[in-house]
Amino acid sequence: MKKIIFVVLLFYCITVQSQSDKEILKIFSFEEVEILQKQNPKPILVYIYTDWCKFCFGMSKSTFSDRKVIKNLNDKFYFIKLNAENKKDITFLNKTFTYKPSGINTGIHELASELASIKNNVSYPTVTKLNQNFEIEFQKVGFINSKNLLQFIK
């Protein structure tokens, strides 16, 4: 009985230790980034997604949980997740962006449309990199694995 308790405690300690070493991806809001840019300018990476998108779900679970991606984003970027179907107003760069319905239970947030539009088309997921002056440097549409994302953001 003592051996079983010892083994269980050992596995519990190992599990707790490994979880505490895991770095967490820092996610900011647009409002926070505006303030932080004045204090410590960095490029901004915006991940535009929807809840129903399978590729978005895959990126969230794999790409944005990769240790190297998390470290790189935390060290060199301000990372923002933007749900394209978010219905809350977002004030960014002295402009208020709102959700625009386009039918029954469909629509897109103006800011998502602004940041994810490529040739007047919006697809999910889209990763948009903004420079320190809030200008779009690049946009990438579709699933991006961690290796490719690290190449894009270097």
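Okay, so let's go over this structure. (Residues numbered from 1 in each chain as written. Predicted model: local features only at pLDDT ≥ 70, side-chain atom pairs only at ≥ 80, totals over all residues. Heavy atoms only, no water.)

**Some points on the overall build of the protein**
Line of reasoning, step 1. A tally of regular secondary structure across the protein gives six helices and 10 strands.
Line of reasoning, step 2. When burial is assessed residue by residue, the protein has 35% of its 154 residues classed as buried.
Line of reasoning, step 3. Relative to all contacts within the protein whose residues are 6 or more apart in sequence, the contacts with residues 24 or more apart total 62%. (Helix = DSSP H or I, 4+ residues; strand = E, 2+ residues; numbered from the N terminus. Buried < 20%, exposed > 50% of the residue type's maximum accessible area, 1.4 Å probe, protein only. Contact = heavy atoms within 4.5 Å.)

**Structural notes on the environment of N145**
Line of reasoning, step 1. Structurally, the position occupied by N145 is in the loop between β10 (136-141) and α6 (146-152).
Line of reasoning, step 2. For N145 and T63, which are 82 residues apart along the polypeptide, the C-alpha to C-alpha distance reads 5.4 Å.
Line of reasoning, step 3. From its side chain, N145 meets the backbone nitrogen of K147 in a polar contact 3.3 Å long. (Polar contact = N/O pair within 3.5 Å; in protein donor to acceptor, adjacent residues only side chain to side chain.)

**Section: the packing of aromatic side chains**
Line of reasoning, step 1. Applying the stated criterion across every chain, the model contains eight aromatic pairs.
Line of reasoning, step 2. Aromatic pair Y47 and F64: ring centres 4.7 Å apart, planes at 55 degrees, arrangement tilted. Of this pair, Y47 sits in strand β1 (residues 44-49) while F64 is found in the loop between α3 (54-61) and α4 (67-76), placing the two residues 17 residues apart along the sequence. In this pair, the class of Y47 matches that of F64, namely buried.
Line of reasoning, step 3. Taken together, the ring pairs connect Y47, Y49, F64 and F79 into an aromatic cluster.
Line of reasoning, step 4. The side chain of K42 reaches across the aromatic face of Y78, ending 5.0 Å from its centre.
Line of reasoning, step 5. Directly above the aromatic system of Y99 lies the positively charged group of K87, at a separation of 4.8 Å from the ring centroid. (Phe/Tyr/Trp six-rings, centres within 6.5 Å; stacked < 30°, edge-to-face > 60°. Lys NZ or Arg CZ within 6 Å of the ring centre and 35° of its normal.)

**Digging into unusual backbone geometry**
Line of reasoning, step 1. Residue P125 is bonded to the preceding Y124 through a cis peptide linkage, with omega at -10 degrees.
Line of reasoning, step 2. Mapped onto the fold, P125 is located in the loop between β8 (121-122) and β9 (126-130).
Line of reasoning, step 3. Its identity is not glycine, yet N120 carries a phi of approximately 60 degrees, on the positive side.
Line of reasoning, step 4. Summarising the element assignment, N120 is placed in the loop between β7 (117-118) and β8.
Line of reasoning, step 5. The class of N120 is exposed, set by a relative accessible area of 79%.
Line of reasoning, step 6. A positive phi angle is found at F134, which is not glycine, with a value near 65 degrees.

**Some words on the pattern of salt bridges**
Line of reasoning, step 1. Summed over the entire model, instances satisfying the criterion amount to three salt bridges.
Line of reasoning, step 2. Salt-bridge contacts for D75 lead to K71; the nearest nitrogen and oxygen are separated by 2.8 Å. Here D75 pairs with K71, and both are found in helix α4, just four residues apart, close to one helical turn.
Line of reasoning, step 3. Two residues, K100 and E110, come together in a salt bridge whose shortest N-O distance is 3.8 Å. (Salt bridge = Lys/Arg side-chain N within 4 Å of Asp/Glu carboxyl O.)

**Quick look at the pairing of strand β5 (residues 99-103)**
Line of reasoning, step 1. As judged from the four bridges shared by β5 and strand β6 (residues 106-109), these two strands associate in the antiparallel manner. Each residue of the ladder has a partner; that of P101, found in β6, is G107.
Line of reasoning, step 2. What sits between the antiparallel neighbours β5 and β6 is a turn of two residues, in which N105 has the positive phi angle 60 degrees. (Pairing = 2+ DSSP bridges.)

**Focus on the sheet that holds strand β2 (residues 78-83)**
Line of reasoning, step 1. Taking strand neighbours across the sheet as the criterion, the four strands line up as β2-β1-β9-β10 in an open arrangement whose pairing is mixed. Single-partner strands in this sheet number two, and they are β2 and β10. Adjacent strand axes in the sheet meet at a mean angle of 15 degrees, parallel and antiparallel pairs treated alike.
Line of reasoning, step 2. Two elements, β1 and β2, share six bridges in a ladder whose sense is parallel. (Axes fitted to C-alpha atoms, helices over the stretch in contact; angles between N-to-C directions.)

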